[in-house]
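# Structural description and commentary
The residues making up each chain are set out below.
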Amino acid sequence: MRLSRPLLPAVLGLGLAIGALSAAPAAAATAPLADPASSPSSSSTYAQYAGSAEDAAANKAFFEAVLKSVAEKRAANPGAQQVTVTYSAANAPSFRQQIASSTQIWNSSVSNVKLQEGSNPDFRYYEGNDSRGSYAYTDGHGRGYIFLDYRQNQIYNSTRVTAHETGHVLGLPDHYQGPCSELMSGGGPGPSCTNAYPNAPERSRVEQLWANGLATAMKNAA
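Worth saying up front: this structure is predicted, and the values here are computed from it rather than measured.

So, on to the sheet that holds strand β1 (residues 84-91). What the five strands build is an open sheet, ordered β2-β1-β3-β5-β4; its pairing is mixed. One side of each edge strand has no neighbouring strand; the edge strands of this open sheet are β2 (114-117) and β4 (135-138). For this sheet the average axis-to-axis angle between neighbouring strands, irrespective of direction, equals 30°. Bridging between β1 and strand β3 (residues 123-128) involves three bridges; their strand directions are parallel. Residue pairing for β3: S88 is matched across the bridge by R124. On the sheet, helix α5 (residues 158-169) packs against β1, β2, β3, β4 and β5 (144-149) and is oriented at approximately 165° with respect to β5.

Structural data, given as structure tokens:
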């Protein structure tokens, strides 16, 4: 769910990420479903993250919550031609460029589901400081959000972070052992990895999930 976080030097050349976030607001938007931890006091809080069964379960729950939300909307509007997952970026203004880039990346990579900013969102993006880094979260009751951490987005390529977390919304789990070419390897390959695109197996998996998973969710929503 979160990117891995190895110990890092203070000076990092990240181009887009640092340029976009060098003036991050001091007062972060507070995510409504969980209380983010206090701001990291040193780079040691970004030690290697290994993942856990709890995180994997939360990723799956988030995907299922979004799937259910989309299915209920389609059941209420059976004439809809396209499967669309709607999001709000209103609470992550510093990351609008990265969120837009992530949306374009995913929309150009898969065809069975599309991301779109709009009202009555299926999930929301938030920003702020959290020692856990960036993550996708659900309360298990159909509500979820993606939290984008300022410091982590200064260390890692910010568009990759955003696209990685959005991958959880579309059903993909973390796989930190993967190469840089694998989007869901997250921070595993280190901060020098700037790839923000899913590879062929990841694209295929999302297509499968939104073809078969949505059909099942639609039956349950009917």
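Having seen the structure, we can now continue with the description.
Take the environment of P198 next. Topologically, P198 is positioned in the loop between α5 and α6 (200-221). Between the alpha carbons of P198 and L183 there is a distance of 4.9 Å; along the sequence they are 15 residues apart. When residues no more than four places from it in sequence are discounted, the contact partners of P198 are I105, W106, S109, L183 and R203.

Once that is clear, we can look at helix α3 (residues 96-109). Given a rise of 1.5 Å per residue, 14 residues ought to cover 20 Å, and the 20 Å separating the end C-alpha atoms of α3 matches this to within 8%. Of all the residues in α3, the buried ones are Q98, I99, S102, T103, I105, W106 and S109. For α3, the angular spread of buried residues about the axis comes to 160°, placing them on one side.

Secondary-structure assignment places T162 in helix α5. A residue is classified by how much of its surface remains accessible, and T162, at 0% relative accessible area, is buried. Here the side chain of T162 touches S158 through a polar contact of 2.9 Å, landing on its backbone oxygen. When residues no more than four places from it in sequence are discounted, the contact partners of T162 are Q98, I99, S102, Y125, L148 and N153.

Each value, and the rule that gives it
Residues numbered from 1 in each chain as written. Predicted model: local features only at pLDDT ≥ 70, side-chain atom pairs only at ≥ 80, totals over all residues. Heavy atoms only, no water. Pairing = 2+ DSSP bridges. Helix = DSSP H or I, 4+ residues; strand = E, 2+ residues; numbered from the N terminus. Axes fitted to C-alpha atoms, helices over the stretch in contact; angles between N-to-C directions. Contact = heavy atoms within 4.5 Å. Expected span 1.5 Å × (residues − 1). Buried < 20%, exposed > 50% of the residue type's maximum accessible area, 1.4 Å probe, protein only. Arc of directions from axis to C-beta. Polar contact = N/O pair within 3.5 Å; in protein donor to acceptor, adjacent residues only side chain to side chain.

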